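# Structure at a glance
Take a look at the letters that make up each chain.
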Amino acid sequence: MIDEFEQVVDALFAAKNVAIYTHINTDCDAMGSSLALREALLELGKNVDVFINSDFPDNFKFYGDLSFVNKKTCDRIDLAVCLDCATESRLGKYKYTYRKGVKNTLLIDHHITVTERYCKINYVRRASSTAELLFDIIEALRATFSKDICKNLLSGIVTDTGKFVHTTSSKTFEIASKLLTLSKLRMEDICEPLFNSMSLGVFEMLKLAYQKLEFYSDHKFALLMFEDSDFKKFGITLHDLDVFPDLPLELDAVKFDILASEDDKGYFRVSMRSKGEVSARAVAESFGGGGHFNASGCKIFGDKEEVKQRLIDNTLEVLGWKK
């Protein structure tokens, strides 16, 4: 029997034309993983396209020129690779096309509790990030760990762990150390452009956040909700709020928090964060979402007051807290 890791490596070696896909509302783990795998495969002489159904936030300038994304260059695809995408629906518009005329499909993901095994080869393993899983895969492909590959993988690891706070193991630190050594990068080369590049619009939204923040259950539970009009007022998008979900956790009393942001499509995108043994994932799963134990999310349709009450009621029920 060939194990799944070997199947992944064999499939990547065998394919000549590869298309890489990742999830909507993309993040640094998804983008960093996609770019790192793309460069490794290009070095091996493959033809590679990348497709992502998402707008890109301002801090994605970190990755340089992304003009090749969503531009088809391969007439025929041998292998479609889905990265960091727990469900087929999260491919967005590409869920309708990624399989068409493709010989083989491969999923690489680290969300072990919520991931649908929707490809022919499904490599789903517990890790801090998909970028962490890709380190071993790129190593097995015997590709060179260039400075860009190292930078891209580090961006995924650093952001998906919340600067090494969530779902971090000794292997996570080991891989990060290797990537820093191989690239001669410093952590500030990764963190400064990703975390310290706030626009004035986001800063104004941050000030508003402190005014809107509400607390429940003796301040253990913090809730922050933004309406679509807030985004329009300050000229920013949902993608600009990556650092916001962690803010309430800086308070000692807060053990769990929710950031609910209204999209103009009539739904709220919900991010959940927690400390210690409080499960953000359990609350997210009660809404049909999922993710990491301490960092999860979901989508909820409805008007603000309805969504707010559902968030409060479900959270208190799942966590067993009083209001």
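These remarks concern the structure in this document.

About the criteria used
- Residues numbered from 1 in each chain as written.
- Predicted model: local features only at pLDDT ≥ 70, side-chain atom pairs only at ≥ 80, totals over all residues.
- Heavy atoms only, no water.
- Salt bridge = Lys/Arg side-chain N within 4 Å of Asp/Glu carboxyl O.
- Helix = DSSP H or I, 4+ residues; strand = E, 2+ residues; numbered from the N terminus.
- Buried < 20%, exposed > 50% of the residue type's maximum accessible area, 1.4 Å probe, protein only.
- 1 Å grid on protein atoms, 1.4 Å probe; cavity = no way out; pocket = protein on both sides within 12 Å on 5 of 7 lines; lining within 4 Å.
- Points joined across faces, edges and corners; volume = space filled by probe spheres on them.
- Nonpolar A, V, L, I, M, F, W, Y, C, P; charged D, E, K, R; others polar.
- Core = buried A, V, L, I, M, F, W, Y, C linked by side-chain atoms within 4.5 Å.
- Patch = residues over 30% accessible without salt bridge, like charges linked within 9 Å, V, L, I, M, F, W, Y side chains within 5 Å.
- Areas by Shrake-Rupley, 256 points an atom, 1.4 Å probe, with all protein chains shown as cover.
- Lys, Arg positive; Asp, Glu negative; His and termini not counted.
- Charge placed at Lys NZ, Arg CZ, Asp CG, Glu CD.
- Expected span 1.5 Å × (residues − 1).
- Contact = heavy atoms within 4.5 Å.
- Pairing = 2+ DSSP bridges.
- Axes fitted to C-alpha atoms, helices over the stretch in contact; angles between N-to-C directions.
- Phe/Tyr/Trp six-rings, centres within 6.5 Å; stacked < 30°, edge-to-face > 60°.
- Parallel < 35°, antiparallel > 145°, perpendicular 65-115°, else oblique.
- Left-handed = near helix turned anticlockwise from the far one by under 90°.

### Remarks on the pattern of salt bridges
Under the counting rule described, the total for this entry stands at 14 salt bridges. Residue E227 pairs with K304 through a salt bridge whose shortest N-O separation is 3.3 Å. Within this pair, whereas E227 is found in the loop between β7 (221-226) and α8 (228-234), its partner K304 is found in helix α10 (residues 304-319), the two being separated by 77 residues in sequence. Take K304: its relative accessible area is 24%, and that puts it in the partly exposed class.

### Examining empty space enclosed by the protein
For the coordinates displayed, the defined rule picks out 1 cavity of 30 Å³ or more. By volume, the largest cavity is sized at about 180 Å³. Forming the boundary of the largest cavity are 13 residues, of which N59, S197, M198, V202 and D240 lie nearest the centre. For the lining of the largest cavity, the class distribution of residues is 6 nonpolar, 4 polar and 3 charged.

### Side note on the nonpolar core
Core analysis: the largest hydrophobic core is formed by 54 residues, its most contacted members being L12, V81, I108, I138, L153 and L179. Among the elements that take part in this core, helix α2 (residues 28-43) stands out by supplying 7 residues, more than any other. Listed in part, the 23 residues of the second largest apolar core include L223, V278, I312 and W321.

### Section: the layout of surface pockets
Empty space within the second largest pocket amounts to approximately 430 Å³. Forming the boundary of the second largest pocket are 17 residues, of which D55, L238, H239, D263 and K265 lie nearest the centre. Counting residues per element, the lining of the second largest pocket draws most heavily on α8, which supplies 3 residues.

### As for a positive patch on the surface
A surface patch of like charges, here positive, comprises R90, K95, K265 and K299. Owing to a relative accessible area of 32%, R90 belongs among the partly exposed residues under this scheme.

### Observations regarding helix α4 (residues 147-160)
The end-to-end C-alpha distance of α4, which contains 14 residues, comes to 20 Å, matching closely the 20 Å that a straight helix rising 1.5 Å per residue would cover. Across the 14 residues of α4, 11 count as buried, placing the element largely inside the fold. Among the residues making up α4, those that are buried are I149, C150, K151, N152, L153, L154, S155, G156, I157, V158 and D160. Buried positions along α4 lie against α2, α3 (130-140), α5 (170-183) and α6 (187-195). Looking one or two places after α4, you find G162, whose phi comes out positive at around 60 degrees.

### Some words on unusual backbone geometry
One non-glycine residue with positive phi stands out, namely N70, at about 70 degrees. With respect to the helices, strands and loops of the structure, N70 is situated in the loop between β2 (47-52) and β3 (79-83). The partly exposed category is assigned to N70, whose relative accessible area is 33%. Even without being glycine, S217 reaches a positive phi, approximately 50 degrees.

### Quick notes on the sheet that holds β7
The strand order β6-β7-β8-β9-β11-β10 describes an open sheet built from 6 strands, whose pairing is mixed. Unpaired on one side and paired on the other, β6 (214-216) and β10 (290-291) mark the two borders of the sheet. In this structure, β10 lies alongside strand β11 (residues 295-301), joined through 2 bridges in antiparallel fashion. Paired with G291 across the strands is S296, a residue of β11. Taken strand by strand, helix α7 (residues 200-212) contacts β6 and β7, and its axis lies near 130 degrees from that of β7. Against the sheet, α10 engages β6, β7, β8 (256-262), β9 (267-274) and β11, with an angle of about 160 degrees to β7.

### Thoughts on the packing of aromatic side chains
Inspection of the entire model under this criterion finds 16 aromatic pairs. Each ring, one from F60 and one from Y63, has its centre 5.2 Å from the other, and the planes form 85 degrees; the classification is edge-to-face. A residue is classified by how much of its surface remains accessible, and F60, at 3% relative accessible area, is buried. A relative accessible area of 8% means that Y63 is categorised as buried. Measuring from centroid to centroid gives 6.1 Å for F226 and F244, while their planes differ by 65 degrees, and the two rings are edge-to-face. In this pair, F226 sits in strand β7 while F244 sits in the loop between α8 and β8, placing the two residues 18 residues apart along the sequence. The same class applies to F226 as to F244, namely buried. These aromatic residues form a ring-pair network of at least three members: Y21, F51, Y94, Y98 and Y118.

### A look at the packing of α2 against α4
Where α2 meets α4, the axes come as close as 8 Å, and the angle between the chain directions of the two elements is 160 degrees. It follows that α2 is roughly antiparallel to α4 by the angle criterion. Between α2 and α4 the crossing geometry is left-handed. Between α2 and α4, the residues in contact are C28, D29, G32, L35, A36, E39 and A40 and D148, I149, N152, L153, S155, G156, T159 and D160, respectively. For the contact of α2 with α4, a count of residues per class yields 6 nonpolar, 5 polar and 4 charged.

Read these as geometric descriptors, not functional statements.
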